[in-house]
Amino acid sequence: MISVDDNRIAIESLLQKVKPKYRHVLLLKYYNDMTLTDIASILGKPEGTIKTWQHKGLQQLRKLMKNRRDWHDH
């Protein structure tokens, strides 16, 4: 059985493969618990752009997770 720590390490490893601008948004949103408005302000981009980058980043991460063989063992 895979532990929570193993999952965290696997996700962090997969995040490194996500396009940098999308990864930055995901890290700020989910690791730093920031709002999209705050992220937009920090990055100097419109909030709509940040929402798009978040969506695309999550899509990339899901695809990477789906392709990872040991992830399917959950």
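Residues numbered from 1 in each chain as written. Predicted model: local features only at pLDDT ≥ 70, side-chain atom pairs only at ≥ 80, totals over all residues. Heavy atoms only, no water.

Visitor: Even after reading the chapter, I still don't get helix α4 (residues 47-67), so can you show me in this structure?
Guide: Residue pairs three or four apart in sequence face the same way in an α-helix, which turns once every 3.6 residues. Taking 1.5 Å per residue as the helical rise, α4 with its 21 residues ought to reach 30 Å, and the 30 Å between its terminal C-alpha atoms agrees with that figure. Along α4, the residues that are buried comprise I50, W53, Q54, G57, L58, L61 and M65. Buried residues of α4 fall within an arc of 135 degrees about the axis and therefore sit on the same side. Exposed and facing more than 90 degrees away from the buried side of α4 are R62, K63, K66 and N67. (Helix = DSSP H or I, 4+ residues; strand = E, 2+ residues; numbered from the N terminus. Expected span 1.5 Å × (residues − 1). Buried < 20%, exposed > 50% of the residue type's maximum accessible area, 1.4 Å probe, protein only. Arc of directions from axis to C-beta.)

Visitor: Help me out: how do you make sense of a positive patch on the surface in this one?
Guide: Together, K19, K21, K45 and K56 make up a region of like positive charge exposed at the surface. Position of K21 among the secondary structure elements: in helix α2 (residues 20-31). (Patch = residues over 30% accessible without salt bridge, like charges linked within 9 Å, V, L, I, M, F, W, Y side chains within 5 Å. Areas by Shrake-Rupley, 256 points an atom, 1.4 Å probe, with all protein chains shown as cover. Salt bridge = Lys/Arg side-chain N within 4 Å of Asp/Glu carboxyl O. Lys, Arg positive; Asp, Glu negative; His and termini not counted. Charge placed at Lys NZ, Arg CZ, Asp CG, Glu CD.)

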